[in-house]
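# Structural features, examined
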Amino acid sequence: MQRKGGRRGEAGGQDAETVEEVLDELYTTSPAAFVARREERAAAARTAGRKEDARRIHAARRPTLAAWAANLLARARPEETRRFLELGQALRQAHRTLDPAGLKDLSAQRRRIVAALSRQAAQLAGEAGHRLSQAAQREVESTLRAVLADPEAADAWAQGRLEVSLTPPSVFPSGTAATEPSGAAPEPEPAPRPKSTRATSRTRAKDELAERRRKRQEELARAEREADRAERHLRDARAEQAEAQESVRAADDELAHVRETVAAAEERLRAAHEDRDRVERNRREAEERDRTAAHTVAEAEREARASTRKVVRLGGRAGSWGSSD
């Protein structure tokens, strides 16, 4: 069926791929082929009249090698991905409840599984023709740790469309204040011992300082993520600019070749015009010679006929004279 629009037809049967399916394909395409494939897909959507789909496809940013490997991992290992996301939920819950035993067990799982999954990502990338450097593999591990700590990072990775690697928070989020286990009644707390005003002030100052440090760390982590994303986008834009400049150079070379071809054709045309003029002059001269020759032939024929008649006439007279003798 002819492709049209960015949605599947309602009458059943095959129809155009949705823009989401195209984006899913792009983010598992090798980074080296990403831009060319993206432009091909966007052009196809524009040709089919799907302008909004073409805009979304063209807006897709090429992933870094580490982000691409993380995307491959999420898509090629769905069962491991599901279990890893569940581990992240359990870790975050354990931190919220401050369950020491659960934290210890889950943290051990975290280190073991992050190492195993990063190796799987490197293997998948190698099978697809791209060897991950140690730096890129560390970025994959950073992404996986972010997925465990941050639910938004987990959602982004699960979609399989990361553009850059993710950075985990400097401290594992602990959520709100610790909660009591369900079904257990809180024990009455002993009455606090009175503190001096100076000690209370020092404690408050320490808490405020710790809170400011925590906020600064979070802001720094966000700024680093944004800077990393901006750097990746800059590299992507420069790569696209380089490709565009290469296209311009190729077009200039082709234009120069076409101009040379046109100049040669014009020279041949000029020579052909000169040949035509020469042949036409020769033809006119030949026609003039033909007319002159025809006139000469006609005159000669008249003279010949006159001579023949004269000969006949004289011959007749000679005969009559001979008979009278």
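Provided above is the structure to which this section pertains.
As a starting point, this report considers the structure included with it.

Turning to the overall build of the protein, a few remarks are in order. Check the secondary structure of the protein and you find 9 helices and 0 strands. If you list the helices and strands of the protein from N to C, you get α-α-α-α-α-α-α-α-α. Taking all 325 residues of the protein together, the buried fraction comes to 25%. Once local pairs closer than 6 in sequence are excluded, the contacts in the protein between residues at least 24 apart make up 67%.

A word on a positive patch on the surface. Positive charge collects at one region of the surface, where R305, R309, K310, R313 and R317 lie side by side. Mapped onto the elements of the fold, R305 is located in helix α9 (residues 197–324).

We now examine the packing of helix α2 (residues 31–47) against helix α3 (residues 51–58). Across the interface, α2 lies against α3 with an axial gap of 7 Å and an inter-helix angle of 170 degrees. The angle between the axes of α2 and α3 places the two elements in the roughly antiparallel class. Contact with α2, carried on its side by R38, E39, R41, A42, A45 and R46, involves D53, A54, I57 and H58 of α3 and no other residues of that element. Of the residues in the contact of α2 with α3, the class split is 4 nonpolar, 1 polar and 5 charged.

Once that is clear, we can look at the packing of aromatic side chains. With the rule as written, the count across this model stands at 2 aromatic pairs. For the pair F84 and W157, a centre-to-centre distance of 5.8 Å together with 75 degrees between the ring planes defines the contact as edge-to-face. On the criterion of sequence distance, the pair formed by F84 in helix α5 (residues 78–97) and W157 in helix α8 (residues 151–159) is long-range, its members being 73 residues apart. Here the two residues F84 and W157 agree in accessibility, since each one is buried.

The topology assignment puts R92 in helix α5. D150 is the oppositely charged side chain nearest to the buried, salt-bridge-free R92, at an N-O distance of 6.8 Å. Here L148 takes part through its backbone oxygen, which lies 2.8 Å from a polar atom of the side chain of R92.

Bringing α3 into the picture now. Within the span of α3, buried status applies to D53, A54 and I57. Seen along its axis, α3 keeps its buried residues to an arc of 100 degrees; they face one direction. Taken together, the buried residues of α3 touch α1 (19–26) and α2.

All right, on to the packing of α1 against α3 then. Contact pair α1 / α3: the axes reach a minimum separation of 10 Å and the direction vectors enclose 20 degrees. Taken as axis vectors, α1 and α3 run roughly parallel relative to one another. Crossing of α1 over α3 shows right-handed handedness. On α3, the residues that touch V19, E20, V22, L23 and L26 of α1 are D53, R56 and I57. Partitioning the contact of α1 with α3 into residue classes produces 5 nonpolar, no polar and 3 charged.

Attention now moves to the environment of R270. As for its placement among the helices and strands, R270 is situated in helix α9. We classify R270 as partly exposed; its relative accessible area is 38%. Among the polar contacts made by the side chain of R270, one reaches the side chain of E267 at a distance of 2.2 Å.

Conventions and cut-offs
- Residues numbered from 1 in each chain as written.
- Predicted model: local features only at pLDDT ≥ 70, side-chain atom pairs only at ≥ 80, totals over all residues.
- Heavy atoms only, no water.
- Helix = DSSP H or I, 4+ residues; strand = E, 2+ residues; numbered from the N terminus.
- Buried < 20%, exposed > 50% of the residue type's maximum accessible area, 1.4 Å probe, protein only.
- Contact = heavy atoms within 4.5 Å.
- Patch = residues over 30% accessible without salt bridge, like charges linked within 9 Å, V, L, I, M, F, W, Y side chains within 5 Å.
- Areas by Shrake-Rupley, 256 points an atom, 1.4 Å probe, with all protein chains shown as cover.
- Salt bridge = Lys/Arg side-chain N within 4 Å of Asp/Glu carboxyl O.
- Lys, Arg positive; Asp, Glu negative; His and termini not counted.
- Charge placed at Lys NZ, Arg CZ, Asp CG, Glu CD.
- Axes fitted to C-alpha atoms, helices over the stretch in contact; angles between N-to-C directions.
- Parallel < 35°, antiparallel > 145°, perpendicular 65-115°, else oblique.
- Nonpolar A, V, L, I, M, F, W, Y, C, P; charged D, E, K, R; others polar.
- Phe/Tyr/Trp six-rings, centres within 6.5 Å; stacked < 30°, edge-to-face > 60°.
- Polar contact = N/O pair within 3.5 Å; in protein donor to acceptor, adjacent residues only side chain to side chain.
- Arc of directions from axis to C-beta.
- Left-handed = near helix turned anticlockwise from the far one by under 90°.

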